[in-house]
Amino acid sequence: MSRHDKIKDLYREKQTFASRTLVAAIACLSMAALLTFRLVDLQVLQQTYYATRADQNRMRLSAVAPVRGLIYDRSGAVLAQNTPAFVLEVVPEQVKNLSDTLERLSKIVRLEPNEIARFRDRVRKSPRYRGVPLRTNLSLEEVARFEVNRYDFDGVDVTAGLTRSYPLGGTAAHVVGYVGGITEDEYKTVAEASYRGLSQIGKVGIEKSHENELRGEPGAKVIEANAYGRPLRELDYQQGTPGRNLVLSLDAKVQMAAEQALGELDGAVVAIDPRNGEVIALVSKPGFNPQLFVEGIDSKTYKALLADPKRPLYNRALQGTYPPGSTIKPFMALAGLESDVIDPNHREFCGGSMQLPNSSRYFRCWRRHGHGSLDMSEAIKRSCDIYFYQTAISLGIDRIHTFLDEFGMGRQTEIDLPLERGGLLPSREWKRRVRKENWYPGETLNVGIGQGYMTATPLQLAQISARMAMRGGGFKPHLVRALQDPITGATETVEPELLPTIENRRKADWESVINAMQEVTHAEGGTGFGAFKDAGYRVAGKSGSAQVIGLKQDEKVAPTQESLALHLRDHALFIAFAPAEAPQIAVAVIAEHGAHGGSAAGPIARQVMDQYLLGEIRYRPPGSPPPNAMGVTPVDPEMPLPPTEESTDG
Amino acid sequence: MNPLLTPLTSSRPPEPSLSDWFGRLHLDLWMLVLLVGTACVGLVVLYSASGHSMPQVVSQAERLLLGLGMMTLAAQATPEMYRAIAPWFYGVSTVLLVLTLLLGDHAKGAQRWLDFGFIRFQPAEFMKLAMPLAVASYLHGQPLPPSFKTILSTLAMIAVPTGLVAVQPDLGTSMLILAAGGFALYFGGLGYRWIFGAIGAVAAAAPVLWTRLHDYQRQRVLTFLDPESDPLGTGYHITQSKIAIGSGGLFGKGWLNGTQAKLDFLPESHTDFIFAVYSEELGLMGVMFLLGLYLAIVGRGLYIAFRAQDTFQRLLAGALSLTFFVYVFINMGMVIGLLPVVGVPLPLVSYGGTSMVSMLAGFGMLMSIQTHRKLLAS
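Colleague: Hey, could you run me through the overall build of chain B in this one?
Modeller: Scanning chain B for helices and strands turns up 15 helices and 3 strands. Total accessible area on chain B is roughly 16,700 Å²; 70% of this is exposed by carbon and sulfur atoms.

Colleague: I tried to follow the nonpolar core on my own but got confused; where do I start?
Modeller: Nonpolar side chains in soluble globular proteins tend to be buried together. Of all hydrophobic cores here, the largest spans 111 residues; its most connected members are Phe275(B) and Phe363(B). Among the elements that make up this core, the one with the highest residue count is helix α14 (residues 311–335) of chain B (17 residues). If we ignore the near neighbours within four places in the chain, the residues touching Phe363(B) are Met31(B), Leu35(B), Met71(B), Ile297(B) and Phe324(B). Core analysis: the next-biggest nonpolar cluster, separate from the first, contains 95 residues, Ala80(A), Tyr322(A), Leu417(A) and Leu425(A) among them.

Colleague: Got a minute to help me understand helix α6 (residues 140–149) of chain A in this structure?
Modeller: A turn of α-helix holds 3.6 residues, and therefore any two residues three or four places apart point the same way. All names here are of chain A. Buried within α6 we find Glu142, Val143 and Phe146. Buried residues in α6, looked at end-on, bunch into an arc of 100°, giving them a common side. The exposed residues of α6 that point more than 90 degrees off its buried face are Leu140, Glu141 and Val148. Buried residues along α6 sit in contact with β3 (78–90), α4 (98–105), β4 (132–135) and β5 (156–165).

Colleague: In this structure, what is going on with helix α19 (residues 441–448) of chain A? I would like to understand it.
Modeller: All names here are of chain A. Along α19, 7 of the 8 residues are buried, which leaves the element largely enclosed by surrounding structure. Of the residues making up α19, those classed as buried are Gly442, Glu443, Thr444, Leu445, Asn446, Val447 and Gly448. Buried residues in α19 make contact with α15 (329–338), β16 (353–355), β17 (362–364), α17 (385–407) and α18 (428–435). Directly beyond the C-terminal end of α19, a positive phi value near 75° is found at glycine 450.

Colleague: Is there a simple way to explain the packing of aromatic side chains in this structure?
Modeller: How two aromatic rings sit relative to each other is set out by the distance from centre to centre and by the angle between their planes. Counted by the stated rule, this structure contains 23 aromatic pairs over all chains. When the centroid spacing of 3.9 Å and the interplanar angle of 10° are considered together, the rings of Tyr178(A) and Phe293(A) count as stacked. Residue Tyr178(A) is found in strand β6 (residues 178–181), and its partner Phe293(A) is found in helix α12 (residues 291–294); the two are separated by 115 residues along the sequence. Each of the two residues, Tyr178(A) as well as Phe293(A), counts as buried. On the numbers, 6.3 Å between centres and 65° between planes, the contact of Phe89(B) with Phe126(B) is edge-to-face. Highlighted residues: Phe89(B) in helix α5 (residues 79–103) and Phe126(B) in helix α6 (residues 123–140), separated in sequence by 37 residues. Among the aromatic residues, those joined into a ring-pair cluster are Tyr178(A), Phe288(A), Phe293(A) and Tyr302(A). Over the aromatic face of Trp21(B) sits the side chain of Arg24(B), whose NZ or CZ is 4.7 Å from the ring centroid.

Colleague: Is there a simple way to think about the side chain of Glu280(B) in this case?
Modeller: All names here are of chain B. Counting through the fold element by element, glutamate 280 comes out in helix α13 (residues 274–307). Since its relative accessible area comes to 0%, glutamate 280 is described here as buried. A distance of 3.1 Å separates a polar atom in the side chain of glutamate 280 from the backbone nitrogen of threonine 259. In this structure the side chain of glutamate 280 is engaged in a polar contact, spanning 3.2 Å, whose partner is the backbone nitrogen of glutamine 260. Sequence-distant contacts of glutamate 280, defined by excluding residues within four places in its chain, comprise Ala244, Ser247, Gly248, Gly252, Lys253, Gly258, Thr259, Gln260 and Ala261.

Colleague: Any chance you could explain the packing of helix α8 (residues 171–187) of chain B against α14(B) here in plain terms?
Modeller: The geometry of a pair of packed helices is captured by two quantities: the angle between their axes and the separation between those axes. All names here are of chain B. Their axes nearest at 8 Å, the elements α8 and α14 cross at an angle of 140°. Judged on the interaxial angle alone, α14 and α8 are oblique. Taken as a pair, α8 and α14 cross one another with a handedness that is right-handed. Facing α8, whose interface residues are Leu176, Ala179, Ala180, Phe183, Ala184 and Phe187, α14 presents Leu315, Gly318, Ala319, Leu322, Thr323, Val326 and Tyr327. By residue class, the composition of the contact of α8 with α14 is 11 nonpolar, 2 polar and no charged.

Colleague: Before we go on, may I ask you to explain the packing of helix α4 (residues 54–76) of chain B against helix α15 (residues 355–371) of chain B in this structure?
Modeller: Residue and element names in this part refer to chain B. Taken N-terminus to C-terminus, the directions of α4 and α15 make an angle of 30°; their axes are 7 Å apart at the nearest point. Viewed along their axes, α4 and α15 adopt a mutual orientation that is roughly parallel. Pair α4 / α15 crosses with right-handed handedness. From α4, Gln60, Arg63, Leu64, Leu66, Gly67, Leu68, Met70, Met71, Ala74 and Ala75 reach across to α15, where they touch Met356, Val357, Leu360, Ala361, Phe363, Gly364, Met365, Met367, Ser368 and Thr371.

Colleague: Is there a simple way to think about the pairing of strand β9 (residues 219–225) of chain A in this case?
Modeller: Within a regular strand, side chains alternate between the sheet's two faces. Residue and element names in this part refer to chain A. With 5 of 7 residues buried, β9 lies mostly within the body of the structure. Note: strand β1 (residues 59–64) against β9, 6 bridges, orientation antiparallel. In the strand pairing of β9, valine 64 is matched with glycine 219.

Colleague: Can you help me understand the interface of chain A and chain B in this one?
Modeller: Where interface size is quoted, it is often the accessible area lost as the parts come together. Taken together, the 42 residues of chain A in the interface contact 55 residues of chain B. Taken together, the two surfaces of chain A and chain B that pack against each other cover about 4,100 Å², and 70% of this comes from carbon and sulfur. If you sort the residues of chain A by the area they bury against chain B, Phe17(A), Arg20(A) and Gln43(A) come out on top, with a joint share of 19%. In this assembly, chain A and chain B are joined by 0 salt bridges. At the junction of chain A with chain B, the criterion picks out 11 residue pairs in polar contact (both at pLDDT 80 or more). Elements represented by at least two residues in the side of chain A that touches chain B include exactly α1 (2–6), α2 (10–45), α3 (47–58) and β9 of chain A. When its residues are assigned to classes, the side of chain A that touches chain B shows 24 nonpolar, 7 polar and 11 charged.

Colleague: Looking at this model, I keep getting lost on the environment of Gly235(B). Mind explaining?
Modeller: All names here are of chain B. Relative to the assigned elements, glycine 235 resides in helix α11 (residues 235–248). A residue is classified by how much of its surface remains accessible, and glycine 235, at 0% relative accessible area, is buried. Residues glycine 235 and glutamine 219, spaced 16 residues apart in sequence, show a C-alpha to C-alpha distance of 9.3 Å.

Colleague: What exactly am I supposed to notice about the pattern of salt bridges here?
Modeller: Where charged atoms from two side chains of opposite charge approach closely, those side chains can pair. All names here are of chain A. Taken as a whole and assessed by the stated rule, the structure comprises 43 salt bridges over all chains. Two residues, glutamate 497 and lysine 476, come together in a salt bridge whose shortest N-O distance is 3.3 Å. Of this pair, glutamate 497 sits in the loop between β20 (491–493) and α21 (507–522) while lysine 476 sits in the loop between α20 (458–469) and β19 (480–484), placing them 21 residues apart in sequence. The network of salt bridges with shared partners includes Glu338, Asp340, Arg505, Arg506 and Asp509.

Colleague: Help me understand a nonpolar patch on the surface in this model?
Modeller: A contiguous nonpolar surface patch, about 500 Å² in accessible area, is contributed by Val44(A), Leu45(A), Leu250(B), Phe251(B) and Met285(B). Within the secondary structure, Leu250(B) is located in the loop between α11 and α12 (259–262).

Colleague: Just checking my understanding: could you explain the sheet that holds β9(A) for this structure?
Modeller: Strands pair in a sheet through their backbones, by hydrogen bonds, and they do so in one of two ways: parallel or antiparallel. Residues and elements named next belong to chain A. Pairing is antiparallel in the open sheet, where 3 strands are placed in the order β1-β9-β10. Looking along the sheet, the strands with just one partner apiece sit at the ends: β1 and β10 (231–238). Sheet twist, expressed as the mean angle between neighbouring strand axes with direction ignored, is 30°. Pairing between β9 and β10: 6 bridges, direction antiparallel. Across the sheet, the residue bridging to glutamate 224 is arginine 233, located in β10. Its contacts with the sheet place α3 against β1, β9 and β10, and it is angled at close to 40° to β1.

Cut-offs used in this document
- Residues numbered from 1 in each chain as written.
- Chains lettered and ligands numbered in written order.
- Predicted model: local features only at pLDDT ≥ 70, side-chain atom pairs only at ≥ 80, totals over all residues.
- Heavy atoms only, no water.
- Helix = DSSP H or I, 4+ residues; strand = E, 2+ residues; numbered from the N terminus.
- Areas by Shrake-Rupley, 256 points an atom, 1.4 Å probe, with all protein chains shown as cover.
- Core = buried A, V, L, I, M, F, W, Y, C linked by side-chain atoms within 4.5 Å.
- Buried < 20%, exposed > 50% of the residue type's maximum accessible area, 1.4 Å probe, protein only.
- Contact = heavy atoms within 4.5 Å.
- Arc of directions from axis to C-beta.
- Phe/Tyr/Trp six-rings, centres within 6.5 Å; stacked < 30°, edge-to-face > 60°.
- Lys NZ or Arg CZ within 6 Å of the ring centre and 35° of its normal.
- Polar contact = N/O pair within 3.5 Å; in protein donor to acceptor, adjacent residues only side chain to side chain.
- Axes fitted to C-alpha atoms, helices over the stretch in contact; angles between N-to-C directions.
- Parallel < 35°, antiparallel > 145°, perpendicular 65-115°, else oblique.
- Left-handed = near helix turned anticlockwise from the far one by under 90°.
- Nonpolar A, V, L, I, M, F, W, Y, C, P; charged D, E, K, R; others polar.
- Pairing = 2+ DSSP bridges.
- Buried area = accessible area lost by both parts, 1.4 Å probe.
- Salt bridge = Lys/Arg side-chain N within 4 Å of Asp/Glu carboxyl O.
- Patch = residues over 30% accessible without salt bridge, like charges linked within 9 Å, V, L, I, M, F, W, Y side chains within 5 Å.

Keep in mind these values describe shape, not function.
The following block contains the structure:
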């Protein structure tokens, strides 16, 4: 038996092998069956589930940016538009050596160092596969030069897109504003769904205040993307809702006339149509180029703009608060009439200075030797300070506050622009609350001539002029006249918002004051006569100045403005409306360091009105023909405010 | 007249069939058609899986031609020659494996390549052929069913190269080498007690084995048990693979229309996971066809083994055929989530893999067995 085991039994081996082969074949088939069961499970029973998973893998919902609405002026001039631009884009992922590529690119297209710096900054912040714009406005020539050499530039491409542009450049830049890249903080405050596909948001001006109307709503497209998120092709496309066009009440010609009229001076001009509150012009100088922000301003330029002592980014018309100076006098007169403190024939004697009882302090008129005896109309015409000191004393701060409050002083006008300030209309209550002090009678005198604590924005001054023009009526100032659907063309007009009428007991009081304001511009000796004497329409106006440096108590005479350094000279103010009987325009001008309201700010107001009412500027600056027999340019530098002994801080 | 004698009395010899013509080249027509057919399916899938890369298809085709050349060459040698060189081949391969461990190149954390300057190869590929040759040759000289002593010697023969490859580490290949030797022993008549005993022993040793595994191997096993637990990490392969296969459905998305591989969601889509691409694009129907081709190859191999004329040839042919099936099973099982991820390509279809040449050389041996039949036998 054992011996049998040791020799080979070929037959038995073959039998064994046959049975083993059979077992192996069965094993193979059962394993194949196992695979099949599993495959049926995956591919038939769970097919729907896995098909969904596969689609989730590859499909990406991607936003389609809406086309931003255009901004027009009242006559259809384009203030903000979207221009097709050739954008030079670089996909960092596809570029082997970024520095070398930039170096070679700079030989083909113009690349400023700040553009390169800005680009490198963006490359660091965005995903590697996403194209980063290097230049946003290639010229056709540059595009052609690049196309010829493009084989040399893997990962660099020129794409056509829309970019925001402002055809009038710096004109109305403060009004229209600009768009810029959305910051992290802004993302937190907006509805994310509305900004899918958008990279820019209105930052300033109308672009910011009407962001929701201008933006539109993004559409969507389904794109197929690979595992790295790179979009490959479009599977579905839904157009978004384009933003609505805005028609502003702004008149670009008047706006430009006002900017030019300011000349070298910094300052602000606001023109309002009193009949409906539409803003015709709103200028703040110096201005800036909004295009810088659209293309993404580099931090160096931005810092320089912020550090500029003239503050070009700051909208003086809304944010600048200035003492209204003598421009407040007509309103003081009106308050006096309404309260029966004065009547149009009431006379005061101006001897050049006055004192309050029990006080050693002198309150001076700007005219050193005084005006003599004058009635209300003459006091306004010649801007006598003593007359309005007396009026203010008689009224008292409480009645002044109540009356001017009706005009909206000390409150924002709620114009449809962001960042408006409200100025300050002082009151006893305010002084107690903020200064923790009682009100002193001397302070009432200063308020009477628009100095002291009282401040107003140029917009407020234009608005109170408009309300004066409307004899107490008036509308909330606004810039947007109509919204237009870019597809259907349907226009939705913005209705002017009527303000509560200022009810005076006697209608005649309005006419008394307005007549006095016409004396300012149309009568010899009026502070605005030089600028308006040859105007082809009736103008009611008032000059003013806001002091920049105070006069010491022991200084008897203010230094002449011409003797002061430019930055120490007074701000020149002028308010006016015309035609006086049926007003169509109300203007407020502030020329910083312009020194004299009548001669520096008056002509600016005149040119703005000429442009609006006559369609051309007929003003001739004083030159060859002597303006009047006196040969004196009417001036009204205000009596500077000395520090009052009662008040410990100024 | 006895009709059986008719051919003998015929004046002319019968016309040689196509099969006979190939037989004279020592090629098995059936096997050749099945192998070339499967490889062609592979090239077509590869074109899609590689993202329409014609250069990859061409390079794969070149590798296929080289493999077919090796197969033809291998088919020319007689089974007796194989039996004679088997011990030497085994010995040299083992030495090369040892050298690999001592001098081999490190690539991806494993030491698999041996570089002689003029040639660079994986000795484990030689062992895939040397192992069944050596075991079959050894058992051929022993009375079968194998005695206890024979079994022990055989197990030692199997264990040494398996261990050498496993510590490289290359778990997939070592399993295939183990399988090749084991199948030869199985066909030699290894008692079922031994087989079930071995399975039991492995199950018992599993916890010990677990502690000896490399981290990435352990991670693969964990991932296999719960792929969704780490969908972006190691479970990503298997999850994306299942999505590809499942989304293919019954009829598939159509050739070149699969999204998983084209959009790079499926890693290794043209190598180890090419079966997922195939399943996605051609669906269950296509998968059944491919599985049918593989089963036909294995069946033809077992048929050759069954018809072989001596024990060595039977054991060799049987072991080679079953090893081929194990390749298919491990790869498909891994891609559809039945088995942990191990680096085993889908034979004849996956891109690259030096395994294609060695595998086709193995099929050359099968053809040699089929075509070098002695007329006197049977």
